[in-house]
Amino acid sequence: MCKLQTWRSKWLPIVCIIFVACTANSQPDPSQRGRSEIGTTAQPKQELAQAVLSEIGIAQHYDRYLGNSVDIVVAPATNRPKFHAWLQGVLAREAGWSHAKSSYLARLEATFSEAELKELLTLSKQPLMKKLMQTEVQAYVDASPERRKRLQKVWDDYNSGRIQIPPEVAKEAEQPRK
């Protein structure tokens, strides 16, 4: 058990960072699609998309959700607040919003017309929409203790062998990464 805790405290943060980076890099790059469609309206659409993302606070949401990876690795911040804050900062810097922003912008530009982006921007400025977004964030924060508890149980169950890896998954996991 002591070896498992030592491994978890030393290597799991690195594994989580690599997992997040691989997941982000495995997604198709929407900026490569639809460029010819955007043409001369790229700047206004990009500005509108940026305004929508800014208005709904997506950068903060993204980094907050990414910080959930820290919750998987570390017990609640009250146990080791300096380490918890440091690791969240590392994740935000190395895999946070600044690395995902262009993909989000490209996705909005490819998915929505200029008129739709204007409408989304108008909606995102409405007090009721702001209240909805704040409520969603607060619900996520409120769920943190239960989420941490459940994530810890899954991790403990996995490490103790109570969660079995299906043979086809184990076989795939043993193969070198392409």
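Structural data are supplied above this passage.
Computed from a predicted structure; not experimentally measured.

A. Molecular detail of the overall build of the protein chain. A count of helices and strands for the protein chain gives 11 helices and zero strands. In the protein chain, the succession of helices and strands from N to C terminus is α-α-α-α-α-α-α-α-α-α-α. Per-residue burial over the protein chain gives 27% buried out of 178 residues. For the protein chain, the share of sequence-separated contacts (at least 6 apart) that also reach a separation of at least 24 residues comes to 78%.

B. Quick look at the side chain of His-61. With respect to the helices and strands, the residue His-61 is situated in helix H4 (residues 58-66). Among residues more than four places away in sequence, those in contact with His-61 are Ile-56, Met-133, Glu-136 and Val-137.

C. Summary view of the packing of aromatic side chains. Within this structure, the stated rule accounts for six aromatic pairs. With centroids separated by 4.4 Å and ring planes inclined at 75°, the aromatic side chains of Tyr-65 and Tyr-140 adopt a geometry described as edge-to-face. Of the two residues, Tyr-65 is situated in helix H4 and Tyr-140 in helix H9 (residues 127-142); the sequence distance between them amounts to 75 residues. Judged by relative accessible area, which is 31%, Tyr-65 ranks as partly exposed. Clustering of aromatic rings is evident, with ring pairs tying together Tyr-62, Trp-97 and Tyr-104. Just above the ring of Tyr-140 sits the side chain of Arg-147; from NZ or CZ to the centre is 3.9 Å.

D. Expanded view of the nonpolar core. Among the nonpolar cores identified, the biggest contains 12 residues, and these are Leu-48, Ala-49, Val-52, Leu-53, Ile-58, Tyr-62, Trp-97, Ala-100, Leu-105, Leu-108, Leu-117 and Leu-121. Not counting chain neighbours up to four residues away, the residues in contact with Trp-97 comprise Leu-53, Ile-58, Ala-59, Tyr-62, Asp-63, Ala-92 and Tyr-104.

E. Representation of the pattern of salt bridges. Within the structure shown, the criterion is met by seven salt bridges. Note that Lys-153 is salt-bridged to Asp-157, the shortest N-O span being 2.6 Å. Of the two residues, Lys-153 and Asp-157 are both situated in helix H10 (residues 144-159); the distance of four residues between them amounts to about one turn of the helix. One continuous salt-bridge network, built from bridges that share partners, spans Glu-146, Lys-149 and Arg-150.

F. Here's a closer look at the packing of H4 against H9. Two elements in contact, H4 and H9, have axes whose closest approach is 12 Å; the angle formed by their N-to-C orientations is 10°. Classed by the angle they form, the pair H4 and H9 counts as roughly parallel. Considering the relative orientation of H4 and H9, their crossing is left-handed. Between H4 and H9, the contacting residues are His-61, Arg-64 and Tyr-65 on the first element and Met-133, Glu-136, Val-137, Tyr-140 and Val-141 on the second. Looking at side-chain class alone, the contact of H4 with H9 contains five nonpolar, one polar and two charged residues.

G. How the structure looks around helix H8 (residues 114-124). Buried within H8 we find Leu-117, Leu-121 and Ser-124. Mapping the buried residues of H8 onto a view down its axis gives an arc of 65°, with all of them on the same face. Opposite the buried face of H8, at more than 90 degrees from it, the exposed residues are Ala-115 and Glu-119.

H. A nonpolar patch on the surface, seen in detail. On the surface, a nonpolar cluster with roughly 400 Å² of combined accessible area is contributed by Val-154, Tyr-158, Ile-163, Ile-165 and Val-169. Along the chain, the position of Ile-163 falls in the loop between H10 and helix H11 (167-174). Here Ile-163 falls in the partly exposed class, since its relative accessible area comes to 36%.

Conventions we followed
Residues numbered from 1 in each chain as written. Predicted model: local features only at pLDDT ≥ 70, side-chain atom pairs only at ≥ 80, totals over all residues. Heavy atoms only, no water. Helix = DSSP H or I, 4+ residues; strand = E, 2+ residues; numbered from the N terminus. Buried < 20%, exposed > 50% of the residue type's maximum accessible area, 1.4 Å probe, protein only. Contact = heavy atoms within 4.5 Å. Phe/Tyr/Trp six-rings, centres within 6.5 Å; stacked < 30°, edge-to-face > 60°. Lys NZ or Arg CZ within 6 Å of the ring centre and 35° of its normal. Core = buried A, V, L, I, M, F, W, Y, C linked by side-chain atoms within 4.5 Å. Salt bridge = Lys/Arg side-chain N within 4 Å of Asp/Glu carboxyl O. Axes fitted to C-alpha atoms, helices over the stretch in contact; angles between N-to-C directions. Parallel < 35°, antiparallel > 145°, perpendicular 65-115°, else oblique. Left-handed = near helix turned anticlockwise from the far one by under 90°. Nonpolar A, V, L, I, M, F, W, Y, C, P; charged D, E, K, R; others polar. Arc of directions from axis to C-beta. Patch = residues over 30% accessible without salt bridge, like charges linked within 9 Å, V, L, I, M, F, W, Y side chains within 5 Å. Areas by Shrake-Rupley, 256 points an atom, 1.4 Å probe, with all protein chains shown as cover.

Scope: geometric values only; no functional claims are made or implied.
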